[in-house]
Each structure stands twice: as C-alpha cells, then as structure tokens.
Amino acid sequence: QVQLVESGGGLVQAGGSLRLSCAASGRTSSSRAMGWFRQAPGKEREFVAAIRWSDGTTDYVDSVKGRFTISRDNVRNTVYLQMNSLKPEDTAVYYCAASQRVTLLRGQQRYDYWGQGTQVTVSS
C-alpha cells in the first residue's frame, strides 16, 4: 500500500501562484509514476500532469502547459505541482495519485493509489 497526503491548497487571486505537495509513504518502491488530477464542481475528474520517478519525464494537459510544473524529490518521496498564472477555471479539488506503471498515463483508472485531495480556489 502507498499512502498519499496532499497539501498546499488555498485561496488565491487570478494571476497568483500556489505550490501543491504530495508526500508518499508506505510501499513507495511499488510506485513508478505520479499524477495530479483535479475535479471542479459539477465536472468529472480530469488529468493535469504526471511525472516518472526514475527519470523525471513529464506530461501535461494542454490547458496547463506553460503555467504548471510538476517535479519530484526522490529522497523525500514527494511530488510537487507549481501552479503559476492561475485562472478562475483552475478552481477544483486537486488529487495526487500513484501508478505502478512506468508509462505515463492520463487515465485515472491506471492509477492505483489516491490522496484525499486539496482545495484550490482562484478568485477573479
């Protein structure tokens, strides 16, 4: 089992920045990649970004490219999502997830463990 705990959410004005953290514990050796997803009110949960632990390869959804950066700290078993130039449409609950698969995937069914989520609210 892998336990994931997100932190760093909050309220920010449009154009501002936030950095989310996701700390992994437990059988972290079974995790090969990490992803961030988000779910806005009334919408389905969607993929945001992913990173591979071994070499730092990343993938982003088009709507956040150039604004969000995913990174990892292999020593601390922590993944980050730096979010800049935030927009009201970025408002959502953000979840991190761990995958046992090496290939970076966007489908949430490919992820095996999930955190509890952290709220990000961007005001206009």
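Residues numbered from 1 in each chain as written. Predicted model: local features only at pLDDT ≥ 70, side-chain atom pairs only at ≥ 80, totals over all residues. Heavy atoms only, no water.

Some thoughts on the state of the cysteines
Line of reasoning, step 1. Under the defined criterion, the tally for this structure stands at one disulfide.
Line of reasoning, step 2. For Cys22, the disulfide goes to Cys96, at an S-S distance of 2.0 Å. Between Cys22 and Cys96 the disulfide shows an S-S torsion of about 50°. By sign, it is right-handed. On the criterion of sequence distance, the pair formed by Cys22 in strand β3 (residues 18–26) and Cys96 in strand β9 (residues 92–99) is long-range, its members being 74 residues apart.
Line of reasoning, step 3. For Cys22, a relative accessible area of 0% gives the class buried. (Disulfide = S-S within 2.5 Å. Helix = DSSP H or I, 4+ residues; strand = E, 2+ residues; numbered from the N terminus. Buried < 20%, exposed > 50% of the residue type's maximum accessible area, 1.4 Å probe, protein only.)

Brief notes about the packing of aromatic side chains
Each pair of aromatic rings is reported with the distance of its centres and the angle of its planes.
Line of reasoning, step 1. In total, this model carries four aromatic pairs according to the counting rule given.
Line of reasoning, step 2. With 4.9 Å between their ring centres and 55° between their planes, Phe37 and Trp114 make a pair best called tilted. You can see Phe37 sitting in strand β4 (residues 33–39) and its partner Trp114 sitting in strand β10 (residues 113–114), a full 77 residues away along the chain.
Line of reasoning, step 3. For Phe37, a relative accessible area of 1% gives the class buried.
Line of reasoning, step 4. Owing to a relative accessible area of 26%, Trp114 belongs among the partly exposed residues under this scheme.
Line of reasoning, step 5. Three or more aromatic residues joined by ring pairs make a cluster, and in this case those are Phe37, Phe47, Tyr111 and Trp114. (Phe/Tyr/Trp six-rings, centres within 6.5 Å; stacked < 30°, edge-to-face > 60°.)

Some details on the environment of Gln1
Line of reasoning, step 1. For Gln1, the location among the structural elements is in the segment before β1 (2–7).
Line of reasoning, step 2. On a C-alpha basis, the gap between Gln1 and Arg27 in space is 5.5 Å, while along the polypeptide they are 26 residues apart.
Line of reasoning, step 3. Not counting residues up to four positions away in its chain, the partners in contact with Gln1 are Ser25, Gly26, Arg27 and Tyr113. (Contact = heavy atoms within 4.5 Å.)

Looking at the pattern of salt bridges
Line of reasoning, step 1. Inspection of every chain in the model, using the stated rule, returns eight salt bridges.
Line of reasoning, step 2. Two residues, Asp59 and Arg106, come together in a salt bridge whose shortest N-O distance is 2.8 Å. Pair noted here: Asp59 is in strand β6 (residues 58–60) and Arg106 is in the loop between β9 and β10, with a separation of 47 residues, a long-range link.
Line of reasoning, step 3. Taking the relative accessible area as the measure of exposure, Arg106 reaches 41% and is therefore partly exposed.
Line of reasoning, step 4. The shortest N-O distance in the salt bridge between Asp112 and Arg101 comes to 3.5 Å. Separated by 11 residues along the polypeptide, Asp112 in the loop between β9 and β10 and Arg101 in the loop between β9 and β10 bring together distant segments of the chain. (Salt bridge = Lys/Arg side-chain N within 4 Å of Asp/Glu carboxyl O.)

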